[in-house]
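# Descriptive structure summary
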Protein chains: 2
Amino acid sequence: MNPQELARFFDHTLLKPELTSRQVEALCAEAIQHGFAAVCIPSCYVRSASVLLRGTSVSVATVIGFPFGYGSTKGKRAEAETAMEEGAGELDVVINLSALRSGNWELVESELQQLTQQAHSRKCMIKWIIESGMLTPEELRSCCRIAADAGVDFVKTATGFIGPGATAKQVRTLRSFLPPQIAVKASGGIRTLTQAQELLAAGASRLGTSSAVAILQEAQTAATQP
Amino acid sequence: MNPQELARFFDHTLLKPELTSRQVEALCAEAIQHGFAAVCIPSCYVRSASVLLRGTSVSVATVIGFPFGYGSTKGKRAEAETAMEEGAGELDVVINLSALRSGNWELVESELQQLTQQAHSRKCMIKWIIESGMLTPEELRSCCRIAADAGVDFVKTATGFIGPGATAKQVRTLRSFLPPQIAVKASGGIRTLTQAQELLAAGASRLGTSSAVAILQEAQTAATQP
């Protein structure tokens, strides 16, 4: 895969709490320059990023209920609605891990169904962040069943702030539990070209990382070596 | 101060992402038993905690935009509205630290004013979490001016998940910048009776901690020693 092809797999991501609007602007410029799939930014920056990315191939992805996921469903729905109104084309929604740990699968499932319908009614993609590194195989399997029933576009491994980051093994497990039409986004701790290649080989279709530019430079260096 | 008097200063708090509904139930029972001021819980648990605490002196406090604070203002407002409808009597709202770091004081101020009016129109208290340990003295002063203009009930030091926890020095600084009608809630890393006493002596009127029961037991032991 050449660097241009590789770039299309990246969500160029900036989600640390003290990020600045200038960093968001730089992120958008880099995403255009390199041809990344999307930028992934906090919902307060959706409007400005949408203006910067208008007419380009780069989508605006934002996070909902990030990073703990335990806000009320109504709060998440409102955050999602506002983000879509302001130009988000992709919503990365955090699972209510607390409800899952409490055995309240009804909330987990109902919330995802509501958000998925809401997103798809506006032709917006939805990715479901499940913190897969914190789940048992049985919980993972249940989440994949719920994701399939709801009809999400992606299951995403991690927020990058709570549980462990993405591993190729986790991606393969998710891939084995999910129907083919649901993609896997690997995220959390992706910093090197080798990691990126392993995650893609394991079946990830999108990579969320703050290190996309560095990884692409690694790929370019590798491509130009004799 | 005897242990009963001390108890009235505590927000009995449970905000880790993997908390369970049973832990919230236990938290509420402990808050009634010890006479804490409030429980402080995620917004998805406001309804159940309100039922458990009905008819007691314990308030339901919940967090809005927690812990990163960079969600859209509309999303925060909706989360706040739902929480108040479901029984919250106190809202602990996280500052948009990213906007502050970007010099976008207009957003910081406008958001707080909107949320404060919204809370007070429902006779709900509002505490503003400012991550004081991450701010310069000048930023702290500006935040205190904004808090005073908005008319919040409390300025709260920290989420406990991002910046450093509460110190007596920080509480004294906040106290010196704030008008007397605005109280200070100290939070983040409060685990011992000595810390609690120092923070109260420095001018805090409320203490947010997951260790309130242990601190109270320390106080009871100290009170019964000859």
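Quick summary incoming for the structure in this document. (Residues numbered from 1 in each chain as written. Chains lettered and ligands numbered in written order. Predicted model: local features only at pLDDT ≥ 70, side-chain atom pairs only at ≥ 80, totals over all residues. Heavy atoms only, no water.)

## Describing the relation of the copies chain A and chain B
In this arrangement, two copies of a chain are superimposed by a rotation about an axis accompanied by a shift along the axis. For these two chains of identical sequence, chain A goes onto chain B by a turn of 180° and a shift of 0.0 Å along the axis, with RMSD 0.0 Å. When the rotation and shift are considered jointly, the pair of chain copies conforms to a two-fold rotation axis. Mapped onto chain B, 100% of the interface residues of chain A are again interface residues, and the two copies thus contact each other with one and the same surface. (Least-squares fit on C-alpha atoms with pLDDT ≥ 70 in both. Contact = heavy atoms within 4.5 Å.)

## A word on the sheet that holds strand β2 (residues 38-41) of chain A
Residue and element names in this part refer to chain A. Pairing is parallel in the closed barrel, where eight strands are placed in the order β1-β2-β3-β4-β5-β6-β7-β8. Taken over all neighbouring pairs, the strand axes of this sheet differ in orientation by 25° on average, direction set aside. As judged from the four bridges shared by strand β3 (residues 59-64) and strand β4 (residues 90-94), these two strands associate in the parallel manner. Looking at the pairing, Val63 lines up with Asp92 of β4. (Pairing = 2+ DSSP bridges. Helix = DSSP H or I, 4+ residues; strand = E, 2+ residues; numbered from the N terminus. Axes fitted to C-alpha atoms, helices over the stretch in contact; angles between N-to-C directions.)

## A closer look at the pairing of strand β8 (residues 206-209) of chain B
Residue and element names in this part refer to chain B. Side-chain alternation along β8 places Arg206 and Gly208 on one buried face and Leu207 and Thr209 on a second face that is also buried. Pairing of strand β1 (residues 10-13) with β8, which is carried by three bridges, proceeds in the parallel orientation. By the bridge assignment for β8, Asp11 is matched with Gly208. Between the parallel elements strand β7 (residues 183-187) and β8, the chain passes through helix α9 (residues 193-201) in a crossover that is right-handed. (Buried < 20%, exposed > 50% of the residue type's maximum accessible area, 1.4 Å probe, protein only. Right-handed = clockwise from strand over helix to strand, strands pointing away.)

## Some thoughts on the packing of helix α4 (residues 73-85) of chain A against helix α4 (residues 73-85) of chain B
Two numbers describe a pair of packed helices, the interaxial angle and the distance between the axes. Interhelical geometry of α4(A) versus α4(B) gives an angle of 155° and a closest axis separation of 8 Å. With respect to their mutual orientation, α4(A) and α4(B) come out roughly antiparallel. α4(B) is crossed by α4(A), and the crossing has right-handed handedness. Within the contact between the two elements, α4(A) uses Lys74(A), Gly75(A), Ala78(A), Glu79(A), Thr82(A) and Glu85(A) and α4(B) uses Lys74(B), Gly75(B), Ala78(B), Glu79(B), Thr82(B) and Glu85(B). In terms of residue class, the contact of α4(A) with α4(B) is made up of two nonpolar, four polar and six charged. (Parallel < 35°, antiparallel > 145°, perpendicular 65-115°, else oblique. Left-handed = near helix turned anticlockwise from the far one by under 90°. Nonpolar A, V, L, I, M, F, W, Y, C, P; charged D, E, K, R; others polar.)

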